[in-house]
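So you can see what is in the structure, the chains are spelled out below.
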Amino acid sequence: MTAISLEALDAVPWDRLESALPQHPVEGVPRALRRPALGGGAATEEHCYPLSFCLAAGNGRVPSAATAALPFLVALAADPGTLADGVVPLLERWRAETDPAMRLPVLLQLGWVAAEAAQADARSVEEVRAVLDGVLRDGEPVMKVAAVIAWAQFDPQEPVRRIDLPVETLSDLAVRPRFEEI
């Protein structure tokens, strides 16, 4: 996050908002947002745990602090300095993540990172190829399309060879709601 975003974070009237759980007061939200922001590329999941305690009630209710924190969360997610760096952390994330909405951007990012690593680390690229092959073989339609897109980043001919898959998937009206869900 930029200094302007941190200034904006301080400008939010947190004391007028409510956190998700009473044992995690709303005053902890700006601190919890600063941890991953200041951690940058070195930020880990542990940097983010306090956010979930302050913002996620687990009962379907969205506390006012979560709404106020949303622009800052988006800024963190969009900041390339806080995304996983390299093939290995992304592969680990891919294997650990179960939520399709979270797996989708990881899969797409694997294609970009594999393209950058193609010359330097053939082993990592092969691991990415294995993941993409598995998704194309056994994945759900949305992930299959994402795998073709990811593959295009380091092998532009692969989508041409697999053109039928995205055409059929994107033409299937029954699959359209799944794209919207994810």
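How each quantity is defined
- Residues numbered from 1 in each chain as written.
- Predicted model: local features only at pLDDT ≥ 70, side-chain atom pairs only at ≥ 80, totals over all residues.
- Heavy atoms only, no water.
- Helix = DSSP H or I, 4+ residues; strand = E, 2+ residues; numbered from the N terminus.
- Contact = heavy atoms within 4.5 Å.
- Axes fitted to C-alpha atoms, helices over the stretch in contact; angles between N-to-C directions.
- Parallel < 35°, antiparallel > 145°, perpendicular 65-115°, else oblique.
- Left-handed = near helix turned anticlockwise from the far one by under 90°.
- Buried < 20%, exposed > 50% of the residue type's maximum accessible area, 1.4 Å probe, protein only.
- Polar contact = N/O pair within 3.5 Å; in protein donor to acceptor, adjacent residues only side chain to side chain.
- Nonpolar A, V, L, I, M, F, W, Y, C, P; charged D, E, K, R; others polar.

Participant: Hey, could you run me through the environment of E127 in this one?
Facilitator: Tracing the backbone through its elements, the reader meets E127 in helix α7 (residues 122-138). Measuring from C-alpha to C-alpha, the distance between E127 and L91 comes to 8.1 Å, with 36 residues separating the pair along the chain. Once residues lying within four places of it in the same chain are set aside, the contact partners of E127 are L91 and R95.

Participant: When you look at the packing of helix α5 (residues 87-96) against helix α6 (residues 100-117) in this model, what are you seeing that I'm missing?
Facilitator: The relative placement of two packed helices is expressed as an angle between their axes plus a distance between the axes. The geometry of α5 relative to α6 is characterised by a closest axis approach of 9 Å and an angle of 155° between their N-to-C directions. Here α5 is positioned roughly antiparallel relative to α6, judged by the angle of their axes. In the packing of α5 onto α6, the handedness of the crossing is left-handed. Contacts between α5 and α6 involve V87, L90, L91, R93 and W94 on the former and, on the latter, R103, V106, L107, Q109, L110, V113, A114 and A117.

Participant: Hey, could you run me through the side chain of D155 in this one?
Facilitator: On the secondary structure map, D155 appears in the loop between α8 (141-152) and α9 (158-161). The buried category is assigned to D155, whose relative accessible area is 16%. Only 2.9 Å separates the side chain of D155 from the side chain of R161, close enough to count as a polar contact. Apart from the residues lying within four places of it in its own chain, the contact partners of D155 are R129 and R161.

Participant: What should I look at first to understand the packing of α7 against α8 in this one?
Facilitator: Their axes nearest at 8 Å, the elements α7 and α8 cross at an angle of 150°. Of the two possible hands of crossing, α7 and α8 adopt the one that is left-handed. Residue-level contacts link R129, L132, D133, V135, L136 and R137 of α7 to M143, K144, A147, V148, A150 and W151 of α8. The residue inventory of the contact of α7 with α8, partitioned by class, reads eight nonpolar, no polar and four charged.

Functional significance is not addressed by these values, which are geometric in nature.
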